[in-house]
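Commentary on secondary and tertiary structure
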Amino acid sequence: MKINTNNVSLKISAGKISQLIHAPIPQIVFSGRSNVGKSSLINSLLNRKDLARVSSEPGKTITINFYNVDEKIYLVDLPGYGYAKRTNSDKMIWSNLVNGFFTQNENIDLVKLVIQLVDSRIGYTNDDLDMISFLNETDLPYIIVATKVDKLNKTQREESVTKLISNKILKQGTPIVLFSSQTKEGKDDIWREIFNHTDK
Ligand code: GTP
Ligand code: MG
């Protein structure tokens with residue numbers, strides 16, 4: 001696929017299921033806990049600094065944000081989970097919206113790949129494991145992206161990958177990509193995974 005990643009033509013923030021996108025364009029979904037680096041990854045993929053809001057106040061707005069890239073792909077930024085200060089009612093809004101996206105979405109077949117982000121320094125949190133087991137149930141293809149690897153030395157990187165890859169929760173053969181929004185390491189690999197799942 002030839003795609004101009006600098007041509008990001010629109011952004012839609014969906015706060016309810018009725019606002020999800022119907023256009024017949026493949027969607028790539030970014031999932032992970034609040035603060036893991038979803039918006040930073042989307043900005044890196046699109047060569048932007050501040051297209052997707054990098055939050056100083058995590059978990060503030062609960063919307064699913066769609067970025068239309070060159071009319072060919074939507075990058076879909078799910079609201080983060082696991083934000084400690086979130087109220088119970090906000091947790092309910094989060095789970096209704098995210099559950100709805102996966103289970104009441106008429107256009108779920110447009111989702112070609114889920115990119116599940118995990119903080120390379122922390123490894124899987126309980127919420128990450130819940131999310132991955134939910135993804136296993138949906139049968140959607142996913143990859144793991146380990147974020148913030150610029151903060152690890154060589155030994156720590158190896159330990160982190162070994163720990164992430166050996167967890168039995170992953171479907172067999174699930175790729176793991178190391179990523180840093182600081183150095184852009186891993187960016188090309190992530191685009192390659194996206195194209196692998198969207199090129200027909
Ligand atoms: P929510 O929108 O709250 O769900 O968070 P998010 O997953 O979109 O995280 P965001 O991209 O806003 O990043 C959170 C914080 O981590 C910001 O301060 C970023 O600058 C920082 N950060 C993100 N990616 C990296 C990375 O690769 N390396 C380092 N060192 N910091 C990063
Ligand atoms: Mg964000």
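What counts as what
- Residues numbered from 1 in each chain as written.
- Chains lettered and ligands numbered in written order.
- Predicted model: local features only at pLDDT ≥ 70, side-chain atom pairs only at ≥ 80, totals over all residues.
- Heavy atoms only, no water.
- Pairing = 2+ DSSP bridges.
- Helix = DSSP H or I, 4+ residues; strand = E, 2+ residues; numbered from the N terminus.
- Axes fitted to C-alpha atoms, helices over the stretch in contact; angles between N-to-C directions.
- Contact = heavy atoms within 4.5 Å.
- Phe/Tyr/Trp six-rings, centres within 6.5 Å; stacked < 30°, edge-to-face > 60°.
- Buried < 20%, exposed > 50% of the residue type's maximum accessible area, 1.4 Å probe, protein only.

Turning next to the sheet that holds strand S3 (residues 64-69). Reading across the sheet, the seven strands line up as S1-S3-S4-S2-S5-S6-S7 and stay open at both edges, with mixed pairing between neighbours. Since the sheet does not close on itself, it has two edges, and those belong to strand S1 (8-14) and strand S7 (176-178), each with one partner. Put simply, the sheet's adjacent strands are angled 20 degrees from each other on average, direction ignored. Strand direction decides the pairing type here: strand S2 (residues 27-31) and strand S4 (residues 73-77), joined by four bridges, are parallel. Bridge assignment links Gln27 to a residue of S4, and that residue is Tyr74. Against the sheet, helix H4 (residues 154-166) touches strand S5 (111-119), strand S6 (142-147) and S7, its axis set at about 160 degrees to S7.

Let us now look at the packing of aromatic side chains. The full count for this structure, using the stated rule, is five aromatic pairs. Summarising the aromatic geometry, the rings of Phe101 and Phe102 are spaced 5.1 Å apart at their centres and angled 85 degrees between planes, so their arrangement reads as edge-to-face. A relative accessible area of 7% places Phe102 in the buried class. When the centroid spacing of 5.5 Å and the interplanar angle of 80 degrees are considered together, the rings of Phe102 and Phe134 count as edge-to-face. In this pair, Phe102 sits in helix H2 (residues 88-103) while Phe134 sits in helix H3 (residues 126-138), placing the two residues 32 residues apart along the sequence. Across the pair, exposure class does not vary: Phe102 and Phe134 are buried alike. Ring-pair connections join several aromatic residues into one group, and the members of that group are Phe101, Phe102 and Phe134.

What follows concerns the environment of Ala52. Positionally, Ala52 belongs in the loop between helix H1 (38-45) and S3. Here Ala52 falls in the buried class, since its relative accessible area comes to 0%. When the C-alpha positions of Ala52 and Ser31 are compared, they lie 14 Å apart, and in sequence the two are 21 residues distant. Not counting chain neighbours up to four residues away, the residues in contact with Ala52 comprise Ser39, Ile42, Asn43, Tyr67 and Asp77.

This paragraph deals with the environment of Asn99. Mapped onto the elements, Asn99 comes out in helix H2. The partly exposed category is assigned to Asn99, whose relative accessible area is 34%. The sequence separation of Asn99 and Lys151 amounts to 52 residues, and the corresponding C-alpha distance is 32 Å. Here Asn99 is in contact with Gln104 and Phe134, once residues within four sequence places are set aside.

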